[in-house]
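The chain contents come next:
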Protein chains: 2
Amino acid sequence: MARAIRPIPELYEAARAGERRALGRLLTKVERGGDEADRISELAHPDAGRAHIVGITGAPGAGKSTLVSRLVSDLVTGGKRPAVLAVDPSSPLTGGAILGDRIRIDEGNDPGEAPSSFIRSMATRGHSGGLALAVPLAVRLFDAVGYDPVIIETVGVGQVEVDVVGAADTAVVVMTPGMGDAVQANKAGLLEVADVFVVNKADRPGALDVRRDLDLMLDLSHMTGQESDTGYRPPIVMASALNGDGNDEVWAAVDAHLAHLDETGSRQARRQHRIRTEVRARLEQAMARAADDAMNAPDGATWLGQAERAEIAPTQATQHLLHVLLQPTKEVPS
Amino acid sequence: MARAIRPIPELYEAARAGERRALGRLLTKVERGGDEADRISELAHPDAGRAHIVGITGAPGAGKSTLVSRLVSDLVTGGKRPAVLAVDPSSPLTGGAILGDRIRIDEGNDPGEAPSSFIRSMATRGHSGGLALAVPLAVRLFDAVGYDPVIIETVGVGQVEVDVVGAADTAVVVMTPGMGDAVQANKAGLLEVADVFVVNKADRPGALDVRRDLDLMLDLSHMTGQESDTGYRPPIVMASALNGDGNDEVWAAVDAHLAHLDETGSRQARRQHRIRTEVRARLEQAMARAADDAMNAPDGATWLGQAERAEIAPTQATQHLLHVLLQPTKEVPS
């Protein structure tokens, strides 16, 4: 018997009712992008807005996935329904293989039963624009179908990951002795987005040095931290995810940060920031497509050829293209 | 006596005549961006196109700056006039301090004499868009005033750096035993852009393992390498930059790659790709400004507010904004 293709609203209602497979299919469509993803976004938008969105980042090898799997099982034990989105902006050549091992975390869930946790990996087929749209939409979908918290875990620590994690309600930065030290984290822009620091593998030599370096950098930089203007200082939690030490303290710090956001009204501000960022990313994607079309059209190819032969400057080729792309009133933005 | 402010064309002619200070001033304007940078681009464009553009990247600590300073002094000895652009897309909080030590490389040049080498650091004030415009323009300027080769050295290994280095004529990826191994390089997309691999600190344990891993990954992936369709396989050079071992071989491999590009006609293709990428970046920047203006205008603020209150979906807010931004014919790109 051929399996019926269910329309998106039906899949969405099934996912809301707890059907794991329906949610999986929707997430695949979200990852793919395009019209179906937009339709899912429109369905989920009114139902979303309740979940605590937690971003977790840190250098590869910092033990993030171990920490996340421990947190997930503690949250389930505590009666929560956590979802995890593991984001890997690596190249299409390797994405699949590297992500393969992450499925193990929620293998405890039976495909048929109402899931108490859900983990999903998301690669981005090599272009960061896809990630900028797919991640907020996947988070919205998890939120809308009843998962809380929604944890976004990034594999790397590039600018894309910093942006993703910085857009969460609570951004957790995981560090370890010896690698991914405080100076590197600072360079990557992580100190500016962190709401909670975790020093993982805290039983290893050098863990207290990492803590001291972080403390010093927090002391020196009053600009650090998204909530610094409300007097919030990101706590530093010592943990050893592998043997479970400190995992309770990590989540307690995350919860305390959420309470702080609610008290100061910052949670609403972060939500507004996320919507704005998403609309911005959507605009950029549509405008980038229009730009590509204009560059590939006969006129565009002519101007590019002239620039390549140094007959006109790249700035002039750009002006010609803007003239055919933008509304006249928008053409020379101040 | 007040120092006269020299107009850009005068600075440009002075830089072409070998005046170090004039070139420094132009590079500062390039870094700042805007109209003056555009003017410099237009002046330099017809004079550029001769230099061999070499990108060098690798994880922090791989010994890139040591390697580059050795290469520069060998090139000068060999009668060349190399320029180095050290690109650091780190946050404005730390950029200056981290780049401070890089000036030492060319301290041998007297400010008054015609320079045989020139090194310049470029931070990006936290936004990658600035880098996408400033780097090609700085390279063009070095090229136009007579430097050859122009070496672009990146501090990190994120997507921005991969793009910068991948746009060079020859992309060199530096690895070391123990850190920044082949799997990490693969994840970062470095294997796909590399034309020459250097295993630095080759006297350390594990160097042969790095070489073997790289060889294996090159064997497995026939898609790897920008020149793979011309039968080119990126060589792996073992080096120890600190004591000078292998530095000659590194440059020999870089030269051999350039010869390959010239033989196959790929050099012209890379130049076209660079021009196209630059125009694309300029379009994106202008369109992003127009998008910001539209979002901040009264209508835009209304639509964003409606999306934040879940009265309309982010997709609908985006459609409204595109309608005021793009020419009607461009509004629904295929």
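Bear in mind the structure is a predicted one, so any value in this text is a computation, not a measurement. (Residues numbered from 1 in each chain as written. Chains lettered and ligands numbered in written order. Predicted model: local features only at pLDDT ≥ 70, side-chain atom pairs only at ≥ 80, totals over all residues. Heavy atoms only, no water.)

The next point concerns the overall build of chain A. Looking only at helices and strands, one finds 14 helices and 7 strands in chain A. Per-residue burial for chain A yields a buried fraction of 54% across its 334 residues. For chain A, restricting intrachain contacts to residue pairs at least 6 apart in sequence, the fraction spanning at least 24 positions comes to 75%. Summed over all atoms, the accessible surface of chain A reaches about 14,100 Å², with 52% contributed by carbon and sulfur. (Helix = DSSP H or I, 4+ residues; strand = E, 2+ residues; numbered from the N terminus. Buried < 20%, exposed > 50% of the residue type's maximum accessible area, 1.4 Å probe, protein only. Contact = heavy atoms within 4.5 Å. Areas by Shrake-Rupley, 256 points an atom, 1.4 Å probe, with all protein chains shown as cover.)

Moving on, we come to the environment of Glu308 of chain B. Mapping Glu308 of chain B onto the fold places it in helix α13 (residues 298-308). Residue Glu308 of chain B is classed as buried on the basis of its relative accessible area, which comes to 16%. In contact with Glu308 of chain B, not counting residues within four places along its chain, are Arg271, Gln272 and Ile275 of chain A.

Turning to the pattern of salt bridges, a few remarks are in order. On inspection of all chains with the given rule, the structure shows 33 salt bridges over all chains. One salt bridge connects Lys29 of chain B with Glu36 of chain B, and the closest N-O pair in it is separated by 3.3 Å. For Glu36 of chain B, a relative accessible area of 36% corresponds to the partly exposed category. The network of salt bridges with common partners includes Asp38, Arg140, Glu278 and Arg282 of chain A. (Salt bridge = Lys/Arg side-chain N within 4 Å of Asp/Glu carboxyl O.)

Quick look at the packing of aromatic side chains now. All names here are of chain A. Evaluation of the coordinates by the stated rule reveals 6 aromatic pairs over all chains. Both rings, one in Phe118 and one in Tyr147, keep their centres 6.2 Å apart while their planes meet at 65°; by these two values the pair is edge-to-face. Remark: Tyr147 occurs in the loop between α6 (128-144) and β4 (150-154) and Phe118 occurs in strand β3 (residues 118-123); sequence separation between them is 29 residues. Judged by relative accessible area, Phe118 falls into the buried class, the value being 6%. By relative accessible area, Tyr147 is classed as buried at 2%. Among the aromatic residues, those joined into a cluster by ring pairs are Phe118, Phe142 and Tyr147. Note that Arg81 overlies the ring of Tyr147, its terminal NZ or CZ placed 4.5 Å from the centroid. (Phe/Tyr/Trp six-rings, centres within 6.5 Å; stacked < 30°, edge-to-face > 60°. Lys NZ or Arg CZ within 6 Å of the ring centre and 35° of its normal.)

With that settled, consider the sheet that holds β4 of chain A. All names here are of chain A. The sheet built from 7 strands is open, its strands ordered β3-β2-β4-β1-β5-β6-β7 with parallel pairing. The sheet terminates laterally at β3 and β7 (236-238), the two strands that pair on one side only. The sheet shows a mean angle of 20° between the axes of neighbouring strands, direction not considered. Running over the sheet, helix α11 (residues 247-264) touches β1 (53-58), β4, β5 (170-175), β6 (196-199) and β7 and is turned about 150° from β5. (Pairing = 2+ DSSP bridges. Axes fitted to C-alpha atoms, helices over the stretch in contact; angles between N-to-C directions.)

A grouping of Asp74, Asp203, Asp245, Asp248 and Glu249 of chain A is seen on the molecular surface, where their side chains present a negatively charged patch. Position of Asp203 of chain A relative to the elements: it lies in the loop between β6 and α10 (207-220). (Patch = residues over 30% accessible without salt bridge, like charges linked within 9 Å, V, L, I, M, F, W, Y side chains within 5 Å. Lys, Arg positive; Asp, Glu negative; His and termini not counted. Charge placed at Lys NZ, Arg CZ, Asp CG, Glu CD.)

Turning our attention to the packing of α11 of chain A against helix α12 (residues 266-296) of chain A. All names here are of chain A. Contact geometry of α11 with α12 gives a least axis separation of 5 Å together with a crossing angle of 95°. What the angle tells us is that α11 and α12 run roughly perpendicular. On α12, the residues touching His257, Leu258, Leu261, Asp262 and Thr264 of α11 are Ser266, Arg267 and Arg270. Of the residues contributing to the contact of α11 with α12, the split by class is 2 nonpolar, 3 polar and 3 charged. (Parallel < 35°, antiparallel > 145°, perpendicular 65-115°, else oblique. Nonpolar A, V, L, I, M, F, W, Y, C, P; charged D, E, K, R; others polar.)

Our focus in this paragraph is the packing of α13 of chain B against helix α14 (residues 314-325) of chain B. Residue and element names in this part refer to chain B. Close contact between α13 and α14 brings their axes to 8 Å; oriented N to C, the two are set at 170°. Between α13 and α14, the interaxial angle falls into the category roughly antiparallel. Each of Gly300, Trp303 and Ala307 in α13 lies in contact with α14, whose residues at this interface are Pro314, Ala317, His320, Leu321 and Val324. Among the residues forming the contact of α13 with α14, the class breakdown is 6 nonpolar, 2 polar and no charged.

Right, let's get into the pairing of β6 of chain A. Residue and element names in this part refer to chain A. Of the two faces of β6, the one lined by Val196 and Val198 and the one lined by Phe197 and Val199 are each fully buried. Of the strand pairs in this sheet, β5 and β6 are connected by 4 bridges, and their pairing is parallel. By the bridge assignment for β6, Val174 is matched with Val198.

Our next topic: the sheet that holds strand β1 (residues 53-57) of chain B. Residue and element names in this part refer to chain B. The strand order across the open sheet built from 7 strands is β3-β2-β4-β1-β5-β6-β7, with neighbouring strands paired in parallel fashion. Two strands close off the open sheet at either side, each with one partner strand: β3 (118-123) and β7 (236-238). Direction aside, the axes of adjacent strands within the sheet are offset by 20° on average. Sheet topology note: the β1/strand β5 (residues 170-175) ladder contains 4 bridges and is parallel. In the strand pairing of β5, Val54 is matched with Thr170. The strands that helix α11 (residues 247-264) touches are β1, β4 (150-154), β5, β6 (196-199) and β7; relative to β5, the one it contacts most, it runs at about 150°.

Our focus in this paragraph is unusual backbone geometry. Residue and element names in this part refer to chain A. Omega for the bond connecting Asp148 with Pro149 falls within 30 degrees of zero, at 0°, which places this linkage in the cis form. Counting through the fold element by element, Pro149 comes out in the loop between α6 and β4. A positive phi is found at Lys201, a non-glycine position, where the angle reads about 55°. Looking at the element boundaries, Lys201 is found in the loop between β6 and α10.

With that settled, consider the confidence of the model for chain A. All names here are of chain A. Per-residue confidence for chain A gives a mean pLDDT of 83; residues scoring 70 or more make up 81%. Long-range and interchain partners of residues 91-114, a stretch whose pLDDT sits below 50, account for 41 contacts in this model, where long-range means more than four residues apart. For this predicted complex, the interface score ipTM comes out at 0.79, while the overall pTM is 0.72. (pLDDT = per-residue confidence, 0-100.)

The residue Gln327 of chain B is located in the segment after α14 in this model. A residue is classified by how much of its surface remains accessible, and Gln327 of chain B, at 18% relative accessible area, is buried. One polar contact links the side chain of Gln327 of chain B to the main-chain carbonyl oxygen of His323 of chain A, over a distance of 3.2 Å. Among the polar contacts made by the side chain of Gln327 of chain B, one reaches the main-chain carbonyl oxygen of Leu326 of chain A at a distance of 2.9 Å. (Polar contact = N/O pair within 3.5 Å; in protein donor to acceptor, adjacent residues only side chain to side chain.)

A word on the side chain of Asp169 of chain B. Looking at the element boundaries, Asp169 of chain B is found in the loop between α7 (159-166) and β5. Excluding residues within four positions of it along the chain, Asp169 of chain B makes contact with Ala51, His52, Ile53, Asp195, His257, Leu261, Arg267, Arg270 and Arg274 of chain B.

Turning to the environment of Glu249 of chain B, a few remarks are in order. Counting through the fold element by element, Glu249 of chain B comes out in helix α11. Measuring from C-alpha to C-alpha, the distance between Glu249 of chain B and Val198 of chain B comes to 9.6 Å, with 51 residues separating the pair along the chain.

Residue and element names in this part refer to chain B. Within β3, 6 of the 6 residues are buried, which leaves it mostly tucked inside the rest of the structure. Across the two faces of β3 the burial is the same, with Phe118, Arg120 and Met122 and Ile119, Ser121 and Ala123 all buried. Examined bridge by bridge, strand β2 (residues 83-88) and β3 share 6 bridges and lie parallel to one another. Within β3, the residue paired with Ala83 across the bridge is Phe118.

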